Amino acid sequence: MTNIDNTPIKNTTSANNILPQFVDQLRHLYGIIVQNTYVKDTAKHLNRIIQDANNQTMILIVGKERVGKTTLVNGLLGREILSVDDQHPTSVNTFIRYGEQEEIKAYFLDGVVAVFDLSKLELLTTGDTFASQILREHLDYLEVYLKNDLLKSVTIIDSVSLEAGGGEMAYFSEALMNRVDEIFWVLRAGSMAMDAELLLIETLKNKGVEPLCVINGIDDEEHATAFMDSEQQRIGHLMSDFIGISAINALVAKQTDSHELWQKSQYDQLIAHIHRVAENSDKKTYAILIRFLQWLERFRFELTVIPQRDPFQSAVENIEKYAGDTQYEYSRYQRDLAIVKEYEQEYEQVANTFKQVQTLYQLLQTIAQHDYLHDSKVEEFTEIAVHYQQMLREYRNMHSEYLREYERLDAQHKKIHGKGLMKAFFGQHTQNEFFKERVQKLNEQQEVCVAQYAKVQQAEVSMLQAIRDTQPFLIDLVKVRMSRIEQKVQKLNQQRAKDKRQLKRYAEKLNEFSCLIEAQGYIKEHLQPFLMNEQMPLKSKDIAMLEESVQAILAIDLSNNGLLARSQMNNKMESIAIPFEVQEKYPLQMLDLREEDVKSNDIPEIPKKLVVQYED
């Protein structure tokens, strides 16, 4: 992906230093205009510029259905985080960011943000349940936070598939494309870019944007090299470069630690390209500056339209619609109910964590299956318990081996002497030396069994002490988890109450357009001089665009608008708290393993030492 145009940027060192200062200026401007709801969307776009300037490099994965976009991302992450479903492709744009706490943040269209566990990702992206459909209807986008080193420098966006019909241009969010630093355009080996895709790529080319073409599936297509050469000849002028990969091979290589398979996947080229993009701070600085110049044009248009409106009438209209539209409120309430239902199901599962735990083995399985039980103290207990089980297994194996040897020798003895090893004192026989030697070896095995049995007893003492100390701690971990779920619901209800309060404040401040006049002054006195500095990496055409936009903004007279009206919010919108009465419904199943529950009751007795004598 190239710069806004192909001309190299000068003064790059200056550009790197300027970006933090510029972001501070934009934050101040955002703080001014966000007070006015008539420019809400414009303020939102400015805030995105600020966020993108502070965020890591963003890479957008684009392509039609079933080309392997999601699998490509999973290959980069080294595990199957994102759900892959041919019947239900990804239906919401998913921003994958770095985070010490692995979780999902779901951003809904009305501004609500809900936090989900990573296990709910399929529900939010590809699930086909009724709850999934309700949630996705209201979703704006998802943020998935993962503890992955690659994400420390980049944010990867797994996008919804391109939409196209007939020979028309494929559709994709222009706003999202404008936000990213690089675009990976994914094709599957053997499946050429369709005409609708080419029209969209040509549009990007006209804006100076050249995606990286990623050919996926080179492991499946025997003619992959020929296909790539053919596509390079056909559409190479529209792309920055071509890389052939196998997302499946990369994912399997990570899961199996196969260096050979990783090399075949050719992911090293892809990752190297990602690092190059992430390190190109000059390009990002210039792109942010250009986006702000484009934003100024949008802001100018918004200000131009405001004097032509009837602020009072339109504001009252919008408030009554928002507060009185029962269908909207019902839909929103259903959405929140679906969220709480998921929390209730999670609460029930957590409350029943130890319901089926009756043995040490079941406890260890339960700990392994639940992330919220992972803790250094629990890991220490697990090591002790596993050690006990291992000592026990080794003793049983030694004991079984001893019995097999004993039974084999006893059978031989009966065949020769007519009696077993322990039955009698026997006289001379040619085979007695053989039996003496074998009995000695059996006694040596018996001594090994005795020593191992002592280890079992020692490990058992440590395990019993550890389980007495750990059980209350495990219960506390479950209680903490249950409390966090309740806090999520509480936060959701607080958000509902907050919405009502914010809506009232919106009505009360409807007539306060003075903040826009303040924004005009701030642009003139601060932003324009800052951007006109000769050290700025702007070209002459950019400076001309800046001067024209600022002059147009200052020419708009908003001083006569003043305080236009004061509207009181009606009380039709109720801030109904969604009940979450789960404590009695799903009581905590306690963990109370006793000594007899965790000790092995079928430990074989230590075999007796053989004392068999023969006459000389």
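None of the values given here were measured: they were computed from a predicted structure. Within each chain, residue numbers correspond to sequence positions counted from 1 in written order. Local features in a predicted model are, by the rule used here, given only for residues with pLDDT of at least 70; side-chain atom pairs are given and counted only at 80 or more, and totals for whole chains, interfaces and linings are based on all residues. Excluding hydrogens and water, the side-chain figures rest on all heavy atoms present in the structure.

All right, on to the sheet that holds strand β1 (residues 57-62) then. Ordered by their spatial adjacency, nine strands build an open sheet running β4-β3-β5-β2-β6-β1-β7-β8-β9, and the pairing between neighbours is mixed. Two strands close off the open sheet at either side, each with one partner strand: β4 (113-116) and β9 (241-244). With strand direction ignored, the average angle separating the axes of adjacent strands in the sheet is 25 degrees. Each pair of strands is called paired provided DSSP finds at least two bridges between the two strands. Runs of E in the DSSP output that reach at least two residues are strands. Runs of H or I that reach at least four are helices, and both are numbered from the N terminus. Note on method: axes are straight lines fitted to C-alpha atoms, helices fitted across the in-contact stretch only, with angles between N-to-C directions ranging 0 to 180 degrees.

Moving on to the confidence of the model for the protein chain. Confidence along the protein chain averages 83 in pLDDT terms, with 84% of residues attaining 70 or more. When mean pLDDT is compared element by element in the protein chain, β9 scores highest at 94, while helix α13 (residues 311-324) scores lowest at 54. Scored from 0 to 100, pLDDT records how confident the predictor is in each individual residue. A contact between two residues is defined here by any heavy atoms of the two lying within 4.5 Å. In the predicted structure, residues 424-428 sits below a pLDDT of 50 and forms 16 contacts with residues beyond four places in sequence or in another chain. Contacts for the low-pLDDT stretch residues 560-573, under 50 throughout, to residues beyond four places or in other chains number 33 contacts.

The rule for a salt bridge is simple: a side-chain nitrogen of Lys or Arg has to be within 4 Å of a carboxyl oxygen of Asp or Glu. All chains considered together, the criterion is met by 32 salt bridges. Here R396 and D602 are joined by a salt bridge, their closest N and O atoms 2.6 Å apart. With R396 in helix α16 (residues 376-417) and D602 in the segment after α20 (595-598), this residue pair connects regions lying 206 residues apart in the sequence. Relative accessibility under 20% of the residue-type maximum defines a buried residue, over 50% an exposed one, and the middle range a partly exposed one, all with a 1.4 Å probe and only protein chains included. Classification of R396 as partly exposed rests on a relative accessible area of 24%. Ionic pairing is found between K609 and E447, a salt bridge with its closest N-O pair at 3.6 Å.

Moving on, we get to the packing of helix α3 (residues 69-77) against helix α11 (residues 267-279). When two helices pack together, you describe them by how their axes are tilted relative to each other and by the distance separating the axes. Remark: α3 packs on α11, axes separated minimally by 11 Å, with the N-to-C direction vectors making an angle of 85 degrees. Our classification of the angle between α3 and α11 gives roughly perpendicular. Where α3 abuts α11, its residues T71, L72, G75 and L76 lie against Y267, L270, I271 and I274. All residues other than Ala, Val, Leu, Ile, Met, Phe, Trp, Tyr, Cys, Pro, Asp, Glu, Lys and Arg, Gly among them, are scored as polar; the first ten of these are nonpolar and the last four charged. A breakdown of the residues in the contact of α3 with α11 according to their chemical character gives six nonpolar, two polar and no charged. To sort the angles, those under 35 degrees are grouped as roughly parallel, those over 145 as roughly antiparallel, those from 65 to 115 as roughly perpendicular, and the leftovers as oblique.

With that settled, consider the packing of helix α12 (residues 281-305) against helix α18 (residues 514-531). Running from N to C, α12 and α18 cross one another at 150 degrees; their axes reach a closest spacing of 13 Å. Judged by the inter-axis angle, α12 sits roughly antiparallel to α18. Like other packed secondary-structure pairs, α12 and α18 cross with a definite hand, here left-handed. On α18, the residues that touch L289, F292, L296, F299 and L303 of α12 are L516, A519, Q520, I523, L527 and L531. Across the contact of α12 with α18, the residue classes break down as ten nonpolar, one polar and no charged. Crossing chirality is assigned from the near helix's rotation relative to the far helix, an anticlockwise turn below a right angle marking it left-handed and a clockwise turn marking it right-handed.

Looking now at the nonpolar core. A general trend in soluble globular proteins is that nonpolar side chains are found buried together. The nonpolar core is taken to be a set of buried Ala, Val, Leu, Ile, Met, Phe, Trp, Tyr and Cys residues, with the residues joined through side-chain atoms within 4.5 Å. Of all hydrophobic cores here, the largest spans 97 residues; its most connected members are L72, L270 and L363. With 18 residues, helix α17 (residues 432-508) is the largest single contributor of residues to this core. Residue contacts for L270: discarding those within four places in its chain leaves L72, L76, F184, L212, V214, I243 and I245. If you look at the next biggest cluster of nonpolar residues, it comprises 42 residues, including W295, C515, Y522 and L531.

The next point concerns unusual backbone geometry. At R66, a position not held by glycine, the phi torsion is positive, near 60 degrees. Along the chain, the position of R66 falls in the loop between β1 and α3. At Q266, a residue that is not glycine, the phi angle is positive and equals roughly 60 degrees. Along the chain, Q266 falls in the loop between α10 (259-265) and α11.

Turning next to the environment of I104. Structurally, I104 is set in strand β3 (residues 103-108). Along the primary structure I104 and E143 are separated by 39 residues, whereas in three dimensions their C-alpha atoms are 5.8 Å apart. Setting aside its immediate chain neighbours within four residues, I104 contacts A114, V115, F116, D117, L118, K120, L121, L124, L142 and E143.

Moving on to the packing of aromatic side chains. Pairs were defined over the aromatic rings of Phe, Tyr and Trp, the Trp ring being its six-membered one, requiring ring centres within 6.5 Å. Orientation was assigned from the angle between planes: stacked under 30 degrees, edge-to-face over 60, tilted for the rest. Scanning all chains against the criterion turns up eleven aromatic pairs. One aromatic cluster is present, formed by F22, F292, W295, F299 and F530 through successive ring pairs. Stacked on the ring of W262, the Lys or Arg K254 has its end atom at 4.6 Å from the ring centre. Here, a charge over a ring means that NZ of Lys or CZ of Arg falls within 6 Å of the ring centre while also lying within 35 degrees of the ring normal. Above the face of the F108 ring, R335 is positioned so that its terminal group lies 4.4 Å from the ring centre.

Another aspect to go through is helix α9 (residues 247-256). Here α9 has its buried residues at A247, N249, A250, L251 and A253. Check the buried side of α9 and you find it contacts α3, β8 (212-216), α10 and α11. Looking one or two places after α9, you find D257, whose phi comes out positive at around 55 degrees.

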